[in-house]
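The lines below spell out each chain.
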Amino acid sequence: MWLGTSEGLCRYNAKNNSFRRFVDGFVNLDIYSIEEDNNNRLWISTSAGISMFDPSTGQVLYNFDSRDGLLEEGYHYRASAANYERNNLFFGGQNGMTV
């Protein structure tokens, strides 16, 4: 299970009741929402943009921000959705939505 916190991304392992925290490379550590795409990558919205994370390596692959055409004011907590049939992810923010 993946959890977004104000101090990064956490993965809960139910088998041994433990948490692992990921903090390196994110555009911002204040995580608002998490969506998984059809390639098992995690898309993580924050107050400063969106990070694409590879769970298999534990690494951030790319950070997207206003220079990539994203909203400048950041995103809202739990304001995301996925449409897997069309491979679309939606993130809602202060001034609109990013698809």
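Sequence order as written defines residue numbering, which begins from 1 separately in each chain. For a predicted model such as this one, the threshold for reporting local features is a pLDDT of at least 70, and the threshold for listing and counting side-chain atom pairs is 80 or more; totals across whole chains, interfaces and linings nevertheless cover every residue. By convention in this description, side-chain values take in all heavy atoms of the structure and omit both hydrogens and water.

1. Side note on the environment of glutamate 7
Our working rule: Here a helix means four or more residues in a row that DSSP labels H or I, a strand means two or more in a row labelled E, and each is numbered from the N terminus.
In this structure, glutamate 7 sits in the loop between β1 (2-5) and β2 (8-13). Glutamate 7 sits 15 residues away from phenylalanine 22 along the chain, and the two C-alpha atoms are 8.9 Å apart.

2. Focus: the nonpolar core
Quick reminder of the rule: Nonpolar cores were defined as sets of buried Ala, Val, Leu, Ile, Met, Phe, Trp, Tyr and Cys residues, with membership established by side-chain atoms within 4.5 Å. Residue exposure (1.4 Å probe, protein chains only): buried if accessible area is under 20% of the type maximum, exposed if over 50%, otherwise partly exposed. By definition in these notes, contact holds between two residues if any of their heavy atoms fall within 4.5 Å.
By size, the foremost hydrophobic cluster in this structure holds 8 residues: Leu9, Phe22, Phe26, Ile31, Leu42, Ile44, Phe53 and Val60. The contact partners of phenylalanine 26, leaving out residues within four places of it in the chain, are Leu9, Ile44, Ser51, Phe53, Val60 and Asn63.

3. Describing the pairing of strand β5 (residues 42-46)
We count it as follows: Pairing between strands is defined by DSSP: at least two bridges between them are needed.
In terms of burial, β5 is largely enclosed, as 5 of its 5 residues are buried. Burial along β5 is two-sided: the face carrying Leu42, Ile44 and Thr46 and the face carrying Trp43 and Ser45 are both buried. Sheet topology note: the strand β4 (residues 31-36)/β5 ladder contains 5 bridges and is antiparallel. Of the residues in β5, the one forming a bridge with serine 33 is serine 45. Hairpin connection, β4 to β5: the antiparallel pair is bridged by 5 residues, and asparagine 40 has positive phi, about 65°. Note that β5 and strand β6 (residues 50-54) share 4 bridges and pair antiparallel. Looking at the pairing, serine 45 lines up with isoleucine 50 of β6. Counted between consecutive antiparallel strands, the loop separating β5 from β6 contains 3 residues, among which glycine 49 sits at a positive phi close to 145°.

4. Points about the packing of aromatic side chains
How we decide: Any two rings among Phe, Tyr and Trp, with Trp reduced to its six-membered ring, count as a pair given centres within 6.5 Å; such a pair is stacked if its planes are under 30 degrees apart, edge-to-face if over 60, and tilted if neither.
Enumeration according to the criterion identifies 7 aromatic pairs in this entry. With 5.7 Å between their ring centres and 75° between their planes, tryptophan 2 and phenylalanine 53 make a pair best called edge-to-face. Within this pair, whereas tryptophan 2 is found in strand β1, its partner phenylalanine 53 is found in strand β6, the two being separated by 51 residues in sequence. Judged by centre distance (5.5 Å) and plane angle (25°), the ring pair of tryptophan 43 and phenylalanine 64 falls under stacked. Residue tryptophan 43 is found in strand β5, and its partner phenylalanine 64 is found in strand β7 (residues 59-64); the two are separated by 21 residues along the sequence. Residue class for tryptophan 43 comes out buried when judged on its relative accessible area of 17%. In this structure an aromatic cluster arises from ring pairing among Trp2, Phe22, Phe26 and Phe53.

5. Here we look at the sheet that holds β1
Within a sheet, neighbouring strands are paired by backbone hydrogen bonds and run either parallel or antiparallel to one another. The following threshold applies: Lines fitted to C-alpha atoms define the axes here, with helix axes fitted over just the stretch in contact, and angles between the N-to-C directions of these axes take values from 0 to 180 degrees.
One open sheet accounts for 3 strands, arranged β1-β2-β3; its pairing is antiparallel. Here the strands that pair on one side only, and so sit at the sheet edges, are β1 and β3 (18-22). Taken over all neighbouring pairs, the strand axes of this sheet differ in orientation by 30° on average, direction set aside.

6. Comments concerning the side chain of threonine 46
Rules: As used in this structure description, the phrase polar contact means that two N or O atoms lie within 3.5 Å; if the pair is within protein, one of them must be able to donate a hydrogen and the other to accept it, and residues adjacent in sequence are counted only when both atoms belong to side chains.
Within the element layout of this structure, threonine 46 appears in strand β5. At 3.0 Å, the side chain of threonine 46 and the backbone nitrogen of alanine 48 are in polar contact.

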